[in-house]
Amino acid sequence: MALAPVGMRPQHYTLILHDSMDPGVHFARCSSKLRSLRGDSVNLKEELNLLFDQFISENYYQTISPSINFRPEDVCILLRHACALVPQSNEHLVIKFCQLVHHLLNQLKVIVDEPTLHALVSYIVRALSVCSKWTHAEVLLALSTVLYGNGPQCQKHLHGLLGEQGLLLLYSAPSQPDLELRRVALSCMTNICLGIPGQLSVEDKYRNQCYGIFLKALQAPKPHSCDELLYSGALKGLHCCLSGVKWRFGGGEEVGALLATLKRLMFQGTPGLSVEWPSVLYAAPLPQYEGPSTPKPPEPPKEAATPGKASTNKKKKTRGKGKKAEVNRGDEGAEEERETMVPLLPKGGGGGGGAAGGGESSTKPPTASLYPAWKRTSSDSEFSDLEGSAQCKLRLYHGRVRQSALHCLLAVVRGVDKRMLYGYWSSFIPDAPMAGPPPLTLLSIVLKDPSPKVRACALQVLSAMLDGSRQFLGVAEDTATPRPSFTPFSLSLAATVRELHRCLTLALLAETSAQTLTQVIKCLAYLVSNAPYQRLRPGLLSPLWRHLRPYVRHRDVNVRVSALTLYGAMVTAQAPLPEVQLLLRQPEGSGGGGSGAGTPQDAALSWRHRDGLSSPSKTPGSHGRSPRLRTPAEQEGAEPGSPWLLELCIQLVTETRDEQSDSEAGGTGAAVASEPSPVRLEALQVLAHLVRGYFCLAQVCMSELGQVSARCLQESDPSVQLHGTKLLDELGTGIIQQNRPESTVPLPARLPMSQVVEFWTEVLRGPLNGALQSEHHPTLQTSACDALSSILPLAFTQLEDKIQMMCITVLLGLTYSENSLVKAAAVRALGVYILFPSLREDVMFVADTANTILMALEDKSPNVRAKAAWSLGNLTDTLIVNMESVGTDFQEELSDMLLLKMLQSATRASADKDRVKCNSVRALGNLLHFLRYGQLTRSVFQRPLEEAVRVLVQTVQSEATMKVRWNACYALGNAFRNPALPLDSAPWSSDAFSSLCSVVTSCKNFKVRIKSAAALSVPARRGCYGDVERFIRVWHSLATALENSEETHDFLEYRYCASLRETLLQALMHLLSLSQWEDMPALGAALAGDEGVAIRGHLLRYLRGEGGDRGTAGEGESGTESLSVLQRTEALQQTLAGLRELQVEGEAEGVRRERENS
């Protein structure tokens, strides 16, 4: 306890006593004293003044005093009582009270309740009207603190604050002479607009009013006496308005004006920058202000010699030598205090830093032109200590303005429709390196802003712009020969992609701040994920691939994770990509000096190698199965096609080290993973991407990958186990894709079947069974079910019987799981197994699977019902396959009651959501095709049969999704294939044909029309079409559909026109081939008119093969194979021959009748 000096007054002695007191105890004592005061207390003013001083002098920050634990309601009670005691006539006490409000609420992080809010706001508003002007700054600061997060709650005060002639409008007006009052008023409006998660936001009319005030403050000319704090406050308010809501911009130039303002402030404080900033940015495909009117075609990086690029090349060269002359931009300790801006546009014109020419660069350090003199040496500084301090402060404020402007731009990018912003890309992203002054874009900030935080913000904005831009960037193409007189938009967009690659790769090499470096790599990952490399000249990914290699051993964990993420993006970009295939086959040490190993980040790269932690030979506890990366010499004798990236990821996942305690430095402890969990998980994801996109390269390490999956399943971390099962799922899927009938992989290059069987035998005998039974981790069980369903059917047949039985038993048991995700995955896996040739003919397995699926169709979870409907569709597909391959034996062995249950359940499921309905109607069509005559004639099947057909008819005519209607049309056509169905006499037959005739002429979706036309051509007997009237109605519907086959409002439907016309013509010829003599009069009348002329025209083009190329878009959509010209001619000749025979028979019948009459 400190002693008071002689002569100190008692209240001052009290102030010294509380210095050693706990802040919580001090607050409780002072609060108790304050609450005991009354308005008529003696010496009230002196007591209040003393207590306010004691409150304000105490530091309540929890970082300084972690033991502080205040109840917010105690603070609110204290402030409400205090505002009732402080008279507004005493301006000195009013100032102290406002300081107390700001001090307590700010340091204790308290958001006041509604009664306290109303009391304090009312008091402060009255104080502003009563007290002198010199007090208003402190009073407004207290108001700003009270309003923080309480904008929606102070609804009754908003009109007085923001309405016409409102207080905040008066104080924030550009005509306000006191800039401090204006700044604090803007802060009040910012806190009103601040959105708190889970709470309502302020009304739109007040938010829009604040938005306009903030924007005007930023657009108004800056007063000479104003510092950057006004801009920072306005930008924070603008960010609050734009964040958390889907902002709706008005028409005209509102978006362009906002973007122009933000772009100007993105470069606030740039020395040597003299640009006439536009007041509005207009959406245009080419740069509007800071570049020439016509962009040049992109040139290879090595041939480009623009001044701006010469500067960056010299930077790269210096860093490659490991020079220490460069300023470390990643110095996190005092990054903002030492902040300066590299001149982006020198006053004399020319490119940044490289205008001196090549001769000067040999005698002068390359970095000398990039940094001002004061930042190089203290003796060369142009400022005194006082001036230097002012300059540092100004640079700090400039950096905050730039950072806030980028935050606002990020909110705009996230809150506005991306299609609206595509027209403004040229204002923020360059399209190609150009001669003359470089354009001012986000990449200028990324490459040259000295603040790592500002650079990181610019990268976040660029990442948000690139995210989801795949459709827009998909237009880019530069593989064709450019036209000298015309630059197409696709070429300009391709140049933009190349410039993004060039600049971000330079940023990757130059960046030394770990946090910003992470953002650089993430931004590159967004670019790689959205760029159309198949339409671009190869060579973009190769430099990036080489330069990224050292960063997988960076000291910072986040950098290592983001580097692996970028590798994952490269191996998933339009896989398989030829350029990536070549890069995967290259040895790890290839690339020479271009590999990026000479960058100054070497001090942070390969740090584990430097410390001797990553070599398996130095790790006594490392497992023998953990492969290590081969040296270039070892790679020469390695097995061809072994990707180095795959080996690297395996090493990152499996590498271990011994954990030693401090007391046993010489002993060995338990083996733990060398890499942290995020790195290992990202490496596992890269392995999964590699297997999915480049299985032919990954299959060389099939055994090692299986061991990695098994090892991950044995670990205790559920995340690692989950990624291990996903890798296993990708391996199984890769094997299945490789062995599909349509696979282009030659047989010698495929994985031998014996190796596939051995792989799955080891997996199923290993820890996968434990993952399937881990009830405490349902997500892991779900992923394990997916892995179990990815077994190659032929390999499953060759597994041991007990292993096959184990798989089936586990899946059937998991369908009873209480977790819906596990149940859905198990039901889906059974839907895969029912297609296996070795299981689909097993009547007992089919029956067990059917009962399980029918039970799942009644589940309360929509996801389970959707998977069950899909599995039911697969099961009924196998019924049709067995009926055609096995014959009636299989049909007779299957229970009639089970078929009836399946028919009824599928009918009920067809009334469910579209996810369930689309497969339920497919199952109905298969069941109606499968039922035998003896079953259809039984009374118990009559009503379910009618209900099933009625559901299909209603679905065809409904407004459901096109996939559902497409499947319903297919189902009706499938049902028509059953000769036992009484199409000629059943009452529902007319409705079925009518629905198909209606859809084939009126549906907007051509795929639905194709399926309905195919269904109408299925019946094999003329009697199935009913009487002449129905037969002619079907004919007219097909003819009308043929005539309107090119009329559509959706351009995307045109790709199905050829397939639709071919299907319609085949259906018409099918009707002609089945027609009888009674149909001829009506058919002759139809063919003699305009309808016949149109049919003949289409038919001639069809026979000549001029109907258009069906291609991949329409292939298989008609349900029939596309016929060659010869096959089409033969089909027509057979139809005409049948018609001639019919004519001969008709004439003979006519002669016979004439003889009878005579």
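Residues numbered from 1 in each chain as written. Predicted model: local features only at pLDDT ≥ 70, side-chain atom pairs only at ≥ 80, totals over all residues. Heavy atoms only, no water.

Going by what an unreviewed UniProt entry lists, the protein is known as HEAT repeat-containing protein 6 and is assigned to Gadus morhua.

Draft legend 1. Inspection of the overall build of the protein at higher detail. Along the protein, the regular secondary structure elements total 57 helices and two strands. With 1158 residues in all, the protein has 52% of them scored as buried. Looking at the protein alone, contacts between residues at least 24 apart form 74% of all its contacts between residues at least 6 apart. Accessible area of the protein: about 52,300 Å², with a carbon and sulfur share of 53%. (Helix = DSSP H or I, 4+ residues; strand = E, 2+ residues; numbered from the N terminus. Buried < 20%, exposed > 50% of the residue type's maximum accessible area, 1.4 Å probe, protein only. Contact = heavy atoms within 4.5 Å. Areas by Shrake-Rupley, 256 points an atom, 1.4 Å probe, with all protein chains shown as cover.)

Draft legend 2. Layout of helix H35 (residues 753-765). Between its first and last C-alpha atoms H35 spans 18 Å; for 13 residues at 1.5 Å apiece the expected length is 18 Å, and the two agree. Among all positions in H35, only Met-753, Val-756, Val-757, Phe-759, Trp-760, Thr-761, Val-763 and Leu-764 are buried. Taken together, the buried residues of H35 touch helix H33 (702-714), helix H34 (718-738), helix H36 (768-772), helix H37 (778-788), helix H38 (793-798) and helix H39 (801-814). (Expected span 1.5 Å × (residues − 1).)

Draft legend 3. Up close: the nonpolar core. By size, the foremost hydrophobic cluster in this structure holds 332 residues, and its most contacted members are Leu-645 and Tyr-833. If near-sequence neighbours (up to four positions away) are discounted, Tyr-833 is found in contact with Leu-788, Ser-789, Ile-791, Phe-796, Cys-807, Ile-808, Leu-811, Leu-839 and Phe-845. (Core = buried A, V, L, I, M, F, W, Y, C linked by side-chain atoms within 4.5 Å.)

Draft legend 4. Expanded view of the packing of aromatic side chains. Within the structure shown, the criterion is met by 19 aromatic pairs. When the centroid spacing of 5.8 Å and the interplanar angle of 75° are considered together, the rings of Tyr-422 and Trp-425 count as edge-to-face. The pair formed by Tyr-422 and Trp-425 is uniform in burial state, with each residue classed as buried. Where Phe-976 meets Phe-993, the ring centres are 5.1 Å apart and the plane angle is 20°; that geometry is what we call stacked. In this pair, Phe-976 sits in helix H49 (residues 962-976) while Phe-993 sits in helix H50 (residues 989-1002), placing the two residues 17 residues apart along the sequence. The exposure class of Phe-976 is buried, given its relative accessible area of 6%. Ring pairing ties together the aromatic residues Tyr-422, Trp-425, Phe-472 and Phe-489, which thus form one cluster. Above the face of the Phe-428 ring, Lys-263 is positioned so that its terminal group lies 5.9 Å from the ring centre. Directly above the ring of Trp-644 sits Arg-549, whose terminal nitrogen or CZ lies 4.2 Å from the centroid. (Phe/Tyr/Trp six-rings, centres within 6.5 Å; stacked < 30°, edge-to-face > 60°. Lys NZ or Arg CZ within 6 Å of the ring centre and 35° of its normal.)

Draft legend 5. How the structure looks around the environment of Ser-404. Structurally, Ser-404 is set in helix H17 (residues 385-415). Note on Ser-404: relative accessible area 11%, which makes it buried. Sequence spacing of Ser-404 and Cys-457 is 53 residues, and the spatial spacing of their C-alpha atoms is 8.9 Å.

Draft legend 6. How the structure looks around the environment of Phe-993. Assessed through its relative accessible area of 1%, Phe-993 is described here as buried. On a C-alpha basis, the gap between Phe-993 and Gly-1026 in space is 9.9 Å, while along the polypeptide they are 33 residues apart. Beyond its immediate stretch of four places on either side in the chain, Phe-993 contacts Phe-976, Leu-1016, Pro-1019, Cys-1024, Tyr-1025, Arg-1030 and Val-1034.

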